[in-house]
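# Tertiary structure, described
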Amino acid sequence: MTSDRPRRLARLVPQRVRGSVGLQRAMLLTGAGLTALLLLLAALLAPWLAPWGHAQLQDGGALFGSRQPPGPGHPLGTTAGGYDVLARTLWGSRTAVAVIGLSLLLSVLPGTLLGLASGYLGGWVDRLLVGVADALYSFPSLLLAIVMSVVISGGRSSLVGGLAAAACSIALVFVPQYFRAVRAEVLRVKAEPFVEAARVIGTGHLRIMFRHVLRNSVRSLPLLLTLNAAESVLTLAGLGFLGFGIEPNSAAEWGYDLNRSVSDVTAGVWWTALAPGTATVLTVLGVTLLGESLNDLADPRLRRRRAPAAPTAPTATTAAKERTRA
């Protein structure tokens, strides 16, 4: 039983972690830990860890007060608007996760399908889609997100409208990235012998596209997903900082809180900007480290092998046994 315990424990550790060493393992574990912390705070513990609601200004009829320093009632102080900083930061993690999920869902599916159709069909379809993707890609991403946010929700709105506007504006920026990545892989895969063999035996185009080509053309998407998740957090924070985010009474958002804390920093009130800024940095850092380390471990050219163990010097007892055998 004792000898089998290490084997059972090893099965619980993901294969990517067991295959990593040194700096790669440190990056992977750090990124996974920070990402898991974000998901844990957003999905499970925010309602219990947050001392107050994201839009709560008073308790028992008494206002919290504006720019109150950190203390027993407010561990991270209060903002210029009288909100609790810790509560706004914790509830803001939910907003970040919701926008990440919606924006990736709205960008991965269209980008993948359009890239598959463009690369496989070719001809005028390919030229048209490539032209549209290049036109969207030529716009600065944040400027395009601002325009889409204004068109969808007038710049600022309720929780549902604000999340939808932010997710749609961010997704529009990401669609050309998935389109280009999938199209490049499809152009390579459709020239492979197994695709030609499928055509020879009379396999239909839809079956070839989705069963043979698509399955071998999405290897680079996991890395792109993690990088775009980090970029969506920054884009959401940028929209909120510029005043095109979600109303503070509808949801907590880190970019809006940073915008309101700019004047506080110049006045020496540092605590209103510290928490949302740190949360944004740690979230982007965690997702980026996770994606980069997974990409290194998935690519054989970047994967680092463990160095073989150096032979140990023979002990006196071993040397005596060798002489006896000789």
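Look a little higher up for the structure.
The rules behind each value
- Residues numbered from 1 in each chain as written.
- Predicted model: local features only at pLDDT ≥ 70, side-chain atom pairs only at ≥ 80, totals over all residues.
- Heavy atoms only, no water.
- Axes fitted to C-alpha atoms, helices over the stretch in contact; angles between N-to-C directions.
- Helix = DSSP H or I, 4+ residues; strand = E, 2+ residues; numbered from the N terminus.
- Parallel < 35°, antiparallel > 145°, perpendicular 65-115°, else oblique.
- Left-handed = near helix turned anticlockwise from the far one by under 90°.
- Contact = heavy atoms within 4.5 Å.
- Nonpolar A, V, L, I, M, F, W, Y, C, P; charged D, E, K, R; others polar.
- Core = buried A, V, L, I, M, F, W, Y, C linked by side-chain atoms within 4.5 Å.
- Buried < 20%, exposed > 50% of the residue type's maximum accessible area, 1.4 Å probe, protein only.
- Salt bridge = Lys/Arg side-chain N within 4 Å of Asp/Glu carboxyl O.
- Phe/Tyr/Trp six-rings, centres within 6.5 Å; stacked < 30°, edge-to-face > 60°.
- Arc of directions from axis to C-beta.

Across the interface, helix α8 (residues 193–200) lies against helix α9 (residues 205–213) with an axial gap of 11 Å and an inter-helix angle of 150°. Here α9 runs roughly antiparallel to α8, going by the angle between their axes. Crossing angle aside, the handedness with which α8 passes α9 is right-handed. Note on element contacts: α9 touches α8 through Ile 208, His 212 and Val 213, opposite Phe 194, Val 195, Ala 198 and Arg 199. Partitioned by chemical class, the residues of the contact of α8 with α9 number five nonpolar, one polar and one charged.

Helices that pack against each other are described as a pair by the angle of their axes relative to one another and the distance between those axes. For the pair helix α4 (residues 85–121) and α9, the least separation of the axes is 11 Å and the interaxial angle reads 120°. Relative to α9, α4 is oriented oblique. Classified by chirality, the crossing of α9 by α4 is right-handed. On α9, the residues that touch Leu 113, Leu 116, Ala 117 and Tyr 120 of α4 are His 205, Ile 208, Met 209, Phe 210 and Val 213. Class assignment of the residues belonging to the contact of α4 with α9 gives a composition of eight nonpolar, one polar and no charged.

Attention shifts here to the nonpolar core. Ranked by internal contacts, the top residues of the largest apolar core, which has 40 residues, are Tyr 178 and Val 213. Of all the secondary structure elements, the ones that give two or more residues to this core are α4, α6 (141–153), α7 (159–189), α8, α9, α10 (221–241) and α13 (271–298). When residues in this core are grouped by element, the largest group, 10 residues, is from α7. Not counting chain neighbours up to four residues away, the residues in contact with Tyr 178 comprise Leu 104, Ser 107, Val 108, Gly 111, Thr 112, Leu 221, Leu 224, Leu 225 and Asn 228. Formed by six residues, the second largest nonpolar core is a distinct cluster that contains Ala 50, Trp 52, Phe 64 and Leu 90.

Under the definition given, this model contains seven salt bridges. Here Arg 180 and Asp 134 are joined by a salt bridge, their closest N and O atoms 2.7 Å apart. Here Asp 134 lies in helix α5 (residues 123–137) and Arg 180 lies in helix α7, a separation of 46 residues in the sequence. We classify Arg 180 as partly exposed; its relative accessible area is 38%. Across the pair Glu 192 and Arg 188 runs a salt bridge, and its minimum N-O distance is 3.9 Å. Judged by its relative accessible area of 37%, Arg 188 falls in the partly exposed class. Counted as one network, the salt bridges with shared partners bring together Glu 185, Arg 188 and Glu 192.

Position of Thr 95 relative to the elements: it lies in helix α4. Under the relative-accessibility criterion, Thr 95 is labelled buried at 6%. Measuring from C-alpha to C-alpha, the distance between Thr 95 and Ala 252 comes to 6.8 Å, with 157 residues separating the pair along the chain.

If you trace the backbone, Asn 228 turns up in helix α10. Excluding residues within four positions of it along the chain, Asn 228 makes contact with Leu 104, Phe 174, Gln 177 and Tyr 178.

Enumeration over the complete set of coordinates arrives at two aromatic pairs. Centre to centre, the rings of Trp 52 and Phe 64 are 4.9 Å apart; their planes meet at 50°, and the pair counts as tilted. Placement of Trp 52 in the loop between α3 (22–49) and β1 (58–59) and of Phe 64 in the loop between β2 (62–63) and α4 is noted, with a sequence separation of 12 residues between them. Owing to a relative accessible area of 19%, Trp 52 belongs among the buried residues under this scheme. Consider the rings of Trp 270 and Trp 271, whose centres lie 5.7 Å apart with planes at 85°: the pair is edge-to-face.

Take α9 next. Inspection of α9 places Ile 208, Met 209 and Val 213 among the buried residues, and these make up the whole buried set. Burial along α9 is one-sided: seen end-on, the buried residues are contained in an arc of 100°. Opposite its buried face, α9 presents the exposed residues Leu 206 and Arg 207, each directed more than 90 degrees away.

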